[in-house]
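An overview of the molecular structure
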Amino acid sequence: MILREATRADADVIESLDLGVRSSPSLDEVREILSGLTRWQADVEHRPLDRRVVVAEIDDRIVGVAAHELAIDERTAMPFPGYRYLLVVAIDAAHQRSGFARFLTESLFVDMASDGITSVSWLVAPDNHESLAFTRNVFPEAEETQAPEDRPYLRFTLSL
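These remarks concern the structure in this document.

Cut-offs and rules
Residues numbered from 1 in each chain as written. Predicted model: local features only at pLDDT ≥ 70, side-chain atom pairs only at ≥ 80, totals over all residues. Heavy atoms only, no water. Helix = DSSP H or I, 4+ residues; strand = E, 2+ residues; numbered from the N terminus. Rg over C-alpha atoms; globule rule 2.2 N^0.38 Å. Buried < 20%, exposed > 50% of the residue type's maximum accessible area, 1.4 Å probe, protein only. Contact = heavy atoms within 4.5 Å. Lys, Arg positive; Asp, Glu negative; His and termini not counted. Charge placed at Lys NZ, Arg CZ, Asp CG, Glu CD. Arc of directions from axis to C-beta. Pairing = 2+ DSSP bridges. Axes fitted to C-alpha atoms, helices over the stretch in contact; angles between N-to-C directions. Core = buried A, V, L, I, M, F, W, Y, C linked by side-chain atoms within 4.5 Å.

Comments concerning the overall build of the protein
In terms of regular secondary structure, the protein is built from five helices and seven strands. Secondary structure elements of the protein occur, N-terminal to C-terminal, as β-α-α-α-β-β-β-α-β-α-β-β. The C-alpha atoms of the protein give a radius of gyration of 15 Å, which matches the 15 Å a tight globule of 160 residues would have. Overall, the C-alpha framework of the protein stretches about 40 × 35 × 25 Å when taken along its three principal axes. Taking all 160 residues of the protein together, 42% fall into the buried category. Relative to all contacts within the protein whose residues are 6 or more apart in sequence, the contacts with residues 24 or more apart total 60%. Taking the average place of the 16 positive charges on the side chains of the protein and the average place of its 28 negative ones, the gap between the two points comes to 1 Å.

The structure is reproduced here in structure tokens:
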């Protein structure tokens, strides 16, 4: 698997990534995020957040995507330099349950740590049982909270 930064040319493939035939509010939300991901990445107004979209390829075919940005310090409304927010990780249905999500996520975290990032957080919907199981199994050391501002989501924070 090759990981690389997404380009505008990847937009159609990212937007049409096959997440499977199942439908749920959580999967619908992921589909919605994917539909605007390259626009999200290129949003000039949010350039200080260092938005990044990474695609995973096998044989020149995109099989996964992840996106993250610097988190905002709520006290100052400025980017918090050592802290990133993981927006999404999505794997093509044909490659789910193959270890690709783990490889992609762990690789992102290694890259973040090498860039001086000290912690990363992400949100998971309580009804997204697959993502909850993945997070709790792969990152058991991540702190799990449910702050009022995150409801109904659970926030996971991992020190890198």
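Notes on the side chain of Ser119
Among the secondary structure elements, Ser119 is positioned in strand S5 (residues 119-124). By relative accessible area, Ser119 is classed as buried at 13%. In this view, Ser119 contacts Gly82, Tyr83, Arg84, Thr157, Leu158, Ser159 and Leu160; residues no more than four positions away in its chain are not counted.

Remarks on helix H5 (residues 129-138)
Of all the positions in H5, only Leu132, Thr135 and Val138 are classed as buried. Seen along its axis, H5 keeps its buried residues to an arc of 160°; they face one direction. Among the exposed residues of H5, those pointing more than 90 degrees away from its buried face are His129 and Asn137. Lining the buried residues of H5 we find helix H4 (100-114), S5 and strand S7 (154-159).

Concerning the sheet that holds strand S2 (residues 52-58)
A sheet is described by the order of its strands in space; here seven strands give the open sequence S1-S2-S3-S4-S5-S7-S6, paired in mixed fashion. Looking at which strands have only one partner, the edges of the open sheet turn out to be strand S1 (2-5) and strand S6 (143-145). Each adjacent strand pair in this sheet contributes to an overall mean axis angle of 25°, direction not counted. Across four bridges, the pairing between S1 and S2 is antiparallel. Paired with Leu3 across the bridge in S2 is Ala56.

Observations concerning the nonpolar core
Leu108, Phe109, Val120, Trp122, Phe139, Phe156 and Leu158 are the most contacted members of the largest nonpolar core, which has 23 residues in total. Where this core is concerned, the elements lending two or more residues are S2, strand S3 (61-73), strand S4 (78-91), H4, S5, H5 and S7. Broken down by element, this core gets its largest block of residues, five residues, from H4. Once you skip the residues sitting within four places of it in the chain, Phe139 turns out to touch Thr105, Glu106, Phe109, Trp122, Phe134 and Leu158. By size, the runner-up hydrophobic cluster in this structure holds 16 residues, among which are Leu17, Val30, Leu34 and Ala90.

Focus on the environment of Leu34
Structurally, the position occupied by Leu34 is in helix H2 (residues 25-35). Through-space distance from the C-alpha of Leu34 to that of Glu15 is 5.2 Å; in sequence the pair is 19 residues apart. Residues within four places of Leu34 in sequence aside, it is in contact with Ile14, Glu15, Leu17, Leu19, Val65 and Ala90.

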